[in-house]
Amino acid sequence: MDAPLPRSFFDRMPEEVAPDLLGCVIERSTPEGVVAVRLTEVEAYAGPHDPASHAYRGPTKRNAVMFGPPGHAYVYFTYGMHFCANLVCLGEGTAAAVLLRAGEIMEGHDLAAARRPRSSPRDLARGPARLCEALAIDRGLYGADVCDPAGPLRVLPGEAAAGLRTGPRTGVTSAKDVPWRFWIDGDPSVSAHRAHTPRRRTVIDQG
DNA sequence: CTTCCGATATACT
DNA sequence: GTATATCGGAAGG
């Protein structure tokens with residue numbers, strides 16, 4: 001059993017941590033068993049100077065853990081139904097993080113498939129909310145220490161990723177030009193890039 | 001493969 | 001009230 005990555009790994013700029021996370025393994029333990037995912041796509045977010053970051057407007061109840069020490073999980077709920085997971089980088093007050101966007105199931109394929117019964121094998125962890133569903137990541141893991149060898153969510157070292165590519169972040173409305181999305185070129189588990197499509201205004205039923 | 005679109009909690013104006 | 005670091009299903013090529 002490998003030891004998780006040390007906290008010092010996360011005590012760096014998010015755009016340095018993000019590419020180094022590609023190829024690493026997220027291991028999630030629950031009473032049902034273990035699911036492990038090899039990361040193939042991530043995005044870096046900085047603190048109050050990054051308009052695309054949840055920390056842009058300062059600390060709130062939701063983003064509080066981003067302002068804390070590195071190596072903890074920032075899990076948030078979005079679009080009324082999905083969870084997404086980040087790993088906090090840098091120290092107190094800096095509020096940087098790396099969003100886990102996609103990966104390939106390395107262990108616990110059957111358990112992941114049971115959690116996502118309508119998903120094709122390729123799509124089990126292809127996308128940030130899908131990855132969270134496959135790994136059973138929800139509010140309960142908010143703030144979890146991913147450097148804890150006995151924790152329920154751990155980040156293990158992996159083989160250095162080959163074929164690294166970068167580009168703009170997905171689905172953000174500001175700082176579109178910042179190339180802080182990192183992925184493994186050609187990997188089938190990398191999520192399709194969708195430009196941000198503003199949702200149509202709520203339709204008001206006028207009769 | 002693509003485009004369209006509804007679901008729906010939470011943060012913010 | 002409006003926007004959102006998304007997804008799955010339907011319909012078309």
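Our subject is the structure listed above.
Residues numbered from 1 in each chain as written. Chains lettered and ligands numbered in written order. Predicted model: local features only at pLDDT ≥ 70, side-chain atom pairs only at ≥ 80, totals over all residues. Heavy atoms only, no water.

Engineer: Help me understand the side chain of Arg-115, please; the structure alone is not making it clear to me.
Structural biologist: Looking at the element boundaries, Arg-115 is found in helix H3 (residues 109-115). Non-local contacts of Arg-115, meaning those with residues more than four positions away in its chain, are made with Thr-30, Glu-32, Val-35, Glu-133, Ala-134, Leu-135 and Ala-136. (Helix = DSSP H or I, 4+ residues; strand = E, 2+ residues; numbered from the N terminus. Contact = heavy atoms within 4.5 Å.)

Engineer: Would you take a moment to explain the packing of aromatic side chains for this structure?
Structural biologist: The relative placement of two aromatic rings is captured by the distance of their centres and the angle of their planes. Per the counting criterion, the structure on display carries 4 aromatic pairs. Ring centres of Phe-9 and Phe-10 lie 5.1 Å apart, and the angle between their planes is 75°; on these two criteria the pair is classed as edge-to-face. The exposure classification of Phe-9 matches that of Phe-10, with both residues buried. Grouped by ring-pair contacts, the aromatic residues Tyr-74, Tyr-76 and Tyr-142 constitute a single cluster. Positioned above the aromatic ring of Phe-9 is the side chain of Arg-12, whose terminal nitrogen or guanidinium carbon lies 4.8 Å from the ring centre. Note that Arg-181 overlies the ring of Trp-183, its terminal NZ or CZ placed 4.3 Å from the centroid. (Phe/Tyr/Trp six-rings, centres within 6.5 Å; stacked < 30°, edge-to-face > 60°. Buried < 20%, exposed > 50% of the residue type's maximum accessible area, 1.4 Å probe, protein only. Lys NZ or Arg CZ within 6 Å of the ring centre and 35° of its normal.)

Engineer: Just checking my understanding: could you explain the protein's contact with DNA strand C for this structure?
Structural biologist: The local shell around DNA strand C holds 23 residues, among which Tyr-76, Asn-86, Arg-116, Arg-130 and Thr-173 are the closest. The sugar-phosphate share of atoms of DNA strand C within 4 Å of the protein amounts to 49%. At 2.9 Å, a side-chain N or O of His-82 approaches a base oxygen of DNA strand C. Elements represented by at least two residues in the surface near DNA strand C include exactly strand S3 (73-78), strand S4 (82-89), strand S5 (96-107) and helix H4 (128-134). In terms of residue count, H4 provides more of the surface near DNA strand C than any other element does, 3 residues in total. Grouping the constituent residues of the surface near DNA strand C by class yields 8 nonpolar, 9 polar and 6 charged. (Near = heavy atom within 4 Å. Polar contact = N/O pair within 3.5 Å; in protein donor to acceptor, adjacent residues only side chain to side chain. Nonpolar A, V, L, I, M, F, W, Y, C, P; charged D, E, K, R; others polar.)

Engineer: What's the story with helix H2 (residues 14-21) in this structure? I'm lost.
Structural biologist: Because the α-helix completes a turn every 3.6 residues, residues three or four places apart line up on one side. For H2, the set of buried residues is Pro-14, Val-17, Ala-18, Pro-19 and Leu-21. Within two residues after H2, Gly-23 carries a phi angle of roughly 95°, on the positive side.

Engineer: Explain the state of the cysteines here, please?
Structural biologist: Within the structure shown, the criterion is met by 0 disulfides. The thiol of Cys-24 is unpaired, and the distance to the nearest cysteine sulfur, on Cys-147, comes to 12 Å. (Disulfide = S-S within 2.5 Å.)

Engineer: Would you explain the pairing of strand S2 (residues 33-45) in this entry?
Structural biologist: Residues in a regular strand project their side chains so that they alternate between the two faces of the sheet. For S2, a buried count of 10 out of 13 residues is recorded, marking the element as mostly surrounded by other parts of the structure. Alignment of strand S1 (residues 25-30) against S2, held across 6 bridges, turns out to be antiparallel. Looking at S2, one finds that Ser-29 is bridged to Val-34. The hairpin turn running from S1 into S2, its antiparallel successor, is 2 residues long. As defined by bridge partners, S2 adjoins strand S8 (residues 181-184) across 3 bridges and the pair is classed as antiparallel. (Pairing = 2+ DSSP bridges.)

Treat this as a map of the structure, not an account of what it does.
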